[in-house]
Amino acid sequence: MKFLFNTGRTAAQGIGLDRKAGAEYARATSRCMMNPVDMMDLDVEAGDHLQVRGPAGEVVLSVVPAEGTPRGMVFVPLGPYANHILGGETHGTGMPDFKTMTVEIEPTLREVPTVADLMDEIGGAAYSPEETS
Amino acid sequence: MIHTDMVCPFCGCLCDDIVVETEGNAVVRVDNACTLGTHKLMNASMDRLKGPIMRDGAGWRDATYDEAIEYAAGVLLDADRPLLYGWSSTQGEAQGLGVSMAELLGGVIDSTTSVCHGPSILAIQEVGHPGCTLGQVKNRADLIIYWGCNPTEAHPRHMSRYTTYADGFFLQNSFRERKLIVVDVRKTETASIADEFVQITPGGDYAVFSALRAIVRGRGDVVPPTVAGVTKEQLEKIAEMCKSAKFGAFFFGVGLTMAPGRYKNIRNAIELVDELNRYTKFTLTPLRGHYNVYGSNEVFTWMTGYPYAVDFSRQIAFYNPGETTAVDILARKECDACLIVASDPGAHFPRKCLEHLTSIPTVLIDPARTVTTPLCRCQIPTAVTGIDASGTAYRMDGVPIHVKTFLDLGYPTDTEVIGRIFEKVQEVRHP
């Protein structure tokens, strides 16, 4: 199913900002908030995983029911998961389509990746403090 | 030890009534801060990098500050088109040095503004900014509008310090006298406490502003029965609430700046505020995210004439958002070196931009391991302004505030590290 992909701030995402290496930040930013009626249409329950495909690729997120989210829209906290599928087009303004991306969503049994997995996929090299000490 | 009247270095509210209790180098208690500020301050000394790190093949190795600074300067000097990005969570003093260095290098300097309130600034450049201080709002405003934002989650003390729940000098009973209108595409926590919640269909902001302007002007007859999912009756009710207020304060977030229409939405909002000023006092303030993103706009403007995305490759300052903004430069694979200061594009930039960051020498100046760390070649840890460094920061209403320190962890400040890189650049470019 096609959805409008809306990203923005949540308190949990903000709390994790200064400890982005932690599991809490990954949990806070890999949530996909969806109207419960849309969840019924997709036949998924809270905590199930979704494959979300956008202009730049795909990512697996976990679904969270949210009554306040209108049907046809999903809300994902801003962070590495949301941006993993976002294209670089800014329409001459410098601002990417953080709130206006159309995505294709379907249920999946795949695991939600870690932030390090996402960065590895892009070509990064994970750093752990033990490595250099 | 108890430190009073500290300034929270999290969001653009820059709350300056924070009480921090420390035992040695550990923060044991934080009073008055919101949940976001409390977490930042409580974790003040946790997860910091011990010293600079540099990429070593597929892994990492420790480095000295001298070595890392030498590397950073070398990378910037070798580049044809270096990008200096970030600057929103650091002190104004460091921002000033960054501009001087970008000018000497003939590079581009941009702040996180370009992916938050950049469109607001474009609109303000077109039609002006009917702003005021947050103190004016607190003491005078009897109507608050939050449009495309969710301060309950993003600026948790905004309502208790400056709007809905704050005492006002010119209001008898602030909480009962103030009305709250929330406009958003989804029903957020903030919307649930509004006197009037307006849910518009995504992308409908511009049309709703235009309809409101028509109604305020007395031309409601041209407005159709519904506009972007909002009934004409509700629009008329809101227009009346605005016109009959003694002092209205309009706040908006990235829900407007990132929506279709971008800066034209903000332009229409400013022109609505302009229209309302024919009837009453009305002001408009962007809700700024990083605690000193406003400062980056101030410092860049004093020094170059432009608020962000300043390109020095022509030997003079050039500014063209959409061309000289960080996302565009990275997506076009245009820059050949990048210095990132006090920001985390790894978490907040589109994937295409990050792929380019990994392919060029990227240096990160940041106190802790972030999502950008795996993408860079060298990271230099520094002190955090407001925790173990003091400096200047600008609140979301443009008021400069001296941000104080309460810890000494021995890290150099951003100003010191950037100053040392700048010195090395000067040795080559201005011997």
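None of the values given here were measured: they were computed from a predicted structure. (Residues numbered from 1 in each chain as written. Chains lettered and ligands numbered in written order. Predicted model: local features only at pLDDT ≥ 70, side-chain atom pairs only at ≥ 80, totals over all residues. Heavy atoms only, no water.)

**Details of the overall build of chain A**
And step 1. When you go through chain A residue by residue, the secondary structure sums to six helices and six strands.
And step 2. Element order for chain A, N to C, with α for helix and β for strand: β-α-α-β-α-β-β-β-α-β-α-α.
And step 3. Rg of the C-alpha trace for chain A: 15 Å, near the compact-globule value of 14 Å for 133 residues, within the 12% margin.
And step 4. Principal-axis analysis of the C-alpha atoms places the extent of chain A at approximately 50 × 40 × 25 Å.
And step 5. Within chain A, the proportion of its 133 residues that are buried is 56%.
And step 6. Across chain A, the fraction of contacts at a sequence separation of at least 24, relative to all contacts at a separation of at least 6, is 76%.
And step 7. Accessible area of chain A: about 5,400 Å², with a carbon and sulfur share of 51%.
And step 8. Of note, chain A has its 10 positive side-chain charges centred 6 Å away from the centre of its 19 negative side-chain charges. (Helix = DSSP H or I, 4+ residues; strand = E, 2+ residues; numbered from the N terminus. Rg over C-alpha atoms; globule rule 2.2 N^0.38 Å. Buried < 20%, exposed > 50% of the residue type's maximum accessible area, 1.4 Å probe, protein only. Contact = heavy atoms within 4.5 Å. Areas by Shrake-Rupley, 256 points an atom, 1.4 Å probe, with all protein chains shown as cover. Lys, Arg positive; Asp, Glu negative; His and termini not counted. Charge placed at Lys NZ, Arg CZ, Asp CG, Glu CD.)

**A closer look at the overall build of chain B**
And step 1. When you go through chain B residue by residue, the secondary structure sums to 17 helices and 21 strands.
And step 2. The globule rule puts the C-alpha radius of gyration for 431 residues at 22 Å, and the 23 Å found for chain B is close to it.
And step 3. Each principal axis of the C-alpha distribution contributes one length, and for chain B these read about 70 × 50 × 35 Å.
And step 4. For chain B, with 431 residues in total, the buried portion stands at 64%.
And step 5. Put simply, chain B shows about 15,300 Å² of open surface, and 49% of that area lies on carbon and sulfur atoms.
And step 6. Considering chain B, the positive charge centre built from 41 side chains and the negative charge centre built from 50 side chains are found 6 Å apart.

**Brief notes about the pattern of salt bridges**
Residues and elements named next belong to chain B.
And step 1. Scanning the model with the defined rule gives 31 salt bridges over all chains in all.
And step 2. Residue E334 is joined to R81 by a salt bridge in which the shortest nitrogen-to-oxygen separation is 2.6 Å. Here R81 lies in the loop between helix 2 (65-78) and strand 6 (82-86) and E334 lies in the loop between helix 14 (326-331) and strand 17 (337-341), a separation of 253 residues in the sequence.
And step 3. As a salt-bridge pair, E355 and R351 come within 3.2 Å of each other at their nearest N and O atoms. (Salt bridge = Lys/Arg side-chain N within 4 Å of Asp/Glu carboxyl O.)

**With respect to the interface of chain A and chain B**
And step 1. Between chain A and chain B, the contact holds 54 residues from the first and 56 residues from the second.
And step 2. Of the roughly 4,700 Å² buried where chain A meets chain B, counting both sides, 62% is carbon and sulfur surface.
And step 3. Summed over the shared surface of chain A and chain B, the number is three salt bridges.
And step 4. Between R351(B) and E121(A) there is a salt bridge; the shortest N-O distance is 3.1 Å.
And step 5. Joining chain A to chain B, the criterion identifies 15 residue pairs in polar contact (both at pLDDT 80 or more). (Buried area = accessible area lost by both parts, 1.4 Å probe. Polar contact = N/O pair within 3.5 Å; in protein donor to acceptor, adjacent residues only side chain to side chain.)

**What about the side chain of T90(B)?**
All names here are of chain B.
And step 1. One can find T90 in the loop between strand 6 and helix 3 (92-105).
And step 2. With a relative accessible area of 0%, T90 lands in the buried category.
And step 3. For T90, the residues in contact, after removing those within four places along its chain, are Q95, Y291, N292, V341, A342, T385 and D414.

**Brief notes about the packing of helix 5 (residues 115-122) of chain A against helix 16 (residues 351-359) of chain B**
And step 1. Their axes nearest at 9 Å, the elements helix 5 of chain A and helix 16 of chain B cross at an angle of 70 degrees. One way to sum up the angle between helix 5 of chain A and helix 16 of chain B is to call them roughly perpendicular. Of helix 16 of chain B, the residues touching helix 5 of chain A (which contributes M119(A), E121(A) and I122(A)) are R351(B), L354(B), E355(B) and T358(B).
And step 2. Within the contact of helix 5 of chain A with helix 16 of chain B, the residues separate by chemical class into three nonpolar, one polar and three charged. (Axes fitted to C-alpha atoms, helices over the stretch in contact; angles between N-to-C directions. Parallel < 35°, antiparallel > 145°, perpendicular 65-115°, else oblique. Nonpolar A, V, L, I, M, F, W, Y, C, P; charged D, E, K, R; others polar.)

**As for the packing of aromatic side chains**
Residues and elements named next belong to chain B.
And step 1. Per the counting criterion, the structure on display carries 13 aromatic pairs over all chains.
And step 2. Taking 5.0 Å as the distance between ring centres and 80 degrees as the angle between the ring planes, the aromatic pair formed by F169 and F170 counts as edge-to-face.
And step 3. A relative accessible area of 67% means that F169 is categorised as exposed.
And step 4. Here F250 and F252 contribute two aromatic rings whose centre-to-centre distance is 6.1 Å and whose plane-to-plane angle is 50 degrees, an arrangement assigned as tilted. (Phe/Tyr/Trp six-rings, centres within 6.5 Å; stacked < 30°, edge-to-face > 60°.)

**As for the side chain of D344(B)**
Residues and elements named next belong to chain B.
And step 1. Take D344: it is sitting in the loop between strand 17 and helix 15 (345-348).
And step 2. Assessed through its relative accessible area of 6%, D344 is described here as buried.
And step 3. Of note is the side chain of D344, whose polar atom sits 3.4 Å from the side chain of T370.

**Observations concerning the state of the cysteines**
And step 1. Scanning all chains against the criterion turns up zero disulfides over all chains.
And step 2. The thiol sulfur of C8(B) is not disulfide-bonded, and the nearest other cysteine sulfur, from C34(B), lies at 5.8 Å. (Disulfide = S-S within 2.5 Å.)

**Quick notes on the confidence of the model for chain B**
Low-confidence regions, as indicated by low pLDDT, have predicted coordinates that should not be scrutinised in detail.
And step 1. The predicted model of chain B averages 96 in pLDDT, with 100% of residues at 70 or higher.
And step 2. Predicted complex metrics record ipTM = 0.94 and pTM = 0.96. (pLDDT = per-residue confidence, 0-100.)

**Observations concerning the sheet that holds strand 8 (residues 143-147) of chain B**
Residues and elements named next belong to chain B.
And step 1. If you trace the five strands from one edge of the open sheet to the other, you get 10-9-8-13-14, paired in parallel fashion. Looking along the sheet, the strands with just one partner apiece sit at the ends: strand 10 (196-199) and strand 14 (281-286). Pairs of neighbouring strands in the sheet enclose a mean axial angle of 15 degrees, with direction left out of account. (Pairing = 2+ DSSP bridges.)

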